[in-house]
Amino acid sequence: MSVTVRVPAKVNVQLGVGAARPDGFHPLATVFLAVSLFDEVTATPAGEPTVTCEGPDADQVPLDRTNLAARAAEALAARAGIEPAVHLHIAKNIPVAGGMAGGSADGAAALLACDTLWGLDTPRTELLAMCAELGSDVPFSLLGGAALGTGRGELLTPVDAGSFHWVFAVADGGLSTPAVFREFDRLTAGTTVPEPEPSPELLAALASGDPDRLAPALSNGLQAASLSLRPALADTFEAGIGAGALAALVSGSGPTTAFLVRDAEGAAKVAAALEASGTCRTTRTASGPVPGATVLPA
Ligand code: C5P
């Protein structure tokens, strides 16, 4: 018997970042949107805990216990007082180290898959708390939909959202999230960084479902840091906007760039232009919000 969980990627449609806290984390006011770009994690009983991965970027995924999926299984087993005797197979479609919470998604998916496989029925609030221990973005991967994230991003309040179409341009190579936050610190050193606040305009635009209203409201406080580490992303922006995208922003800490488009037809056009431009490695089209980590029927 195995259990497979499907889990979405995310884009932050607002990412407000404050000055580093004493623990090194940055206070956030962020709005997460789960989009229809999925990984699948399958948990199967096994003698030893092991992880395997398939997909275009599988070679960049660590298969040891630094993998968030492995750590999720270990944490859940420890809590239940059992051995993490499980094989986790990750079918990876979310860009690796791309700012789309791919690793976090696998952590949330593994937690839910193991909880189901082991028949633990852990209450949702406890699963969310365990997700928060695994990483700041992991609770949202479990929750999905659209949500305001505060604290270091782990404290979630669901928000209303209409459906929106996106194109994601996947860059060559990833960016390390801590490195992007460090660059944010460097760029803002000596300035007063205001406390991050949710944007009322952004929340209203998101609820309206109107992409023309959402476009000017999108913002990412990490974008300058991401662009500073990857100046070539400016060319990707130009290519997508030139092809008719309503707006462009770096997804999370990057280097994936997100383009808001009006509809599926617009998405196909922008994706084709981005691929032809040579300013990215590949593209993905997606829409959202979509549900969070979900057990697939056996
Ligand atoms: O929480 P997570 O392990 O995903 O975070 C990875 C790293 O990103 C942290 O170690 C920290 O350097 C940085 N980070 C941060 N502020 C946040 C979230 C992450 O500085 N709110």
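The following refers to the structure shown.

Scoring rules and cut-offs
- Residues numbered from 1 in each chain as written.
- Predicted model: local features only at pLDDT ≥ 70, side-chain atom pairs only at ≥ 80, totals over all residues.
- Heavy atoms only, no water.
- Pairing = 2+ DSSP bridges.
- Helix = DSSP H or I, 4+ residues; strand = E, 2+ residues; numbered from the N terminus.
- Axes fitted to C-alpha atoms, helices over the stretch in contact; angles between N-to-C directions.
- Contact = heavy atoms within 4.5 Å.
- Near = heavy atom within 4 Å.
- Polar contact = N/O pair within 3.5 Å; in protein donor to acceptor, adjacent residues only side chain to side chain.
- Areas by Shrake-Rupley, 256 points an atom, 1.4 Å probe, with all protein chains shown as cover.
- Salt bridge = Lys/Arg side-chain N within 4 Å of Asp/Glu carboxyl O.

### Remarks on the sheet that holds strand 11 (residues 282–288)
Strand-to-strand pairing in sheets goes through backbone hydrogen bonds, with the strands running parallel or antiparallel. Here we have four strands laid out as an open sheet, ordered 9-10-7-11, and antiparallel in their pairing. The open sheet terminates on both sides in strands that have one partner only, identified here as strand 9 (247–250) and strand 11. Geometrically, the sheet is characterised by an average inter-axis angle of 25 degrees between neighbouring strands, direction not taken into account. In terms of strand pairing, strand 7 (residues 164–170) meets strand 11 through seven bridges, oriented antiparallel. In the sheet register, Trp166 faces strand 11, and the bridge partner there is Ala286. Where helix 10 (residues 264–277) meets the sheet, it contacts strand 7, strand 10 (257–261) and strand 11, and its direction lies at approximately 10 degrees from that of strand 7.

### Comments concerning the site of the ligand
Lining the immediate environment of the ligand, one finds Gly24, Phe25, His26, Leu28, Gly135, Ser136, Arg152, Thr177, Pro178 and Phe181. Between Ser136 and the ligand, the recorded distance is 2.5 Å, taken from a side-chain N or O atom to an oxygen atom. At 3.0 Å, a backbone N or O of Arg152 approaches a nitrogen atom of the ligand. Computed on the free molecule, the ligand has an accessible area of 440 Å², of which 72% lies beneath the protein chains in the complex. Among the elements that line the shell around the ligand, the one with the most residues is helix 5 (residues 177–188), at three residues.

### Focus on the pattern of salt bridges
Evaluation of the coordinates by the stated rule reveals 10 salt bridges. Note that Lys92 is salt-bridged to Asp39, the shortest N-O span being 2.3 Å. On the criterion of sequence distance, the pair formed by Lys92 in the loop between strand 4 (86–91) and helix 2 (102–117) and Asp39 in strand 2 (residues 28–45) is long-range, its members being 53 residues apart. Notably, a salt bridge pairs Arg186 with Glu183, separated by 2.9 Å at the nearest N-O pair. On the criterion of helical spacing, the pair formed by Arg186 and Glu183 is a turn pair, its members being three residues apart in helix 5.

### Let's talk about unusual backbone geometry
Gly254 connects to Pro255 through a cis peptide bond whose omega is 10 degrees. Along the polypeptide, Pro255 turns up in the loop between strand 9 and strand 10. Following Gly288, the chain continues into Pro289 via a peptide bond in cis, with omega recorded as 15 degrees. Its location among the elements puts Pro289 in the loop between strand 11 and strand 12 (294–295). With a phi angle near 55 degrees, Asp121 is a residue other than glycine that sits in the positive phi range. With respect to the helices, strands and loops of the structure, Asp121 is situated in the loop between helix 2 and helix 3 (124–134).

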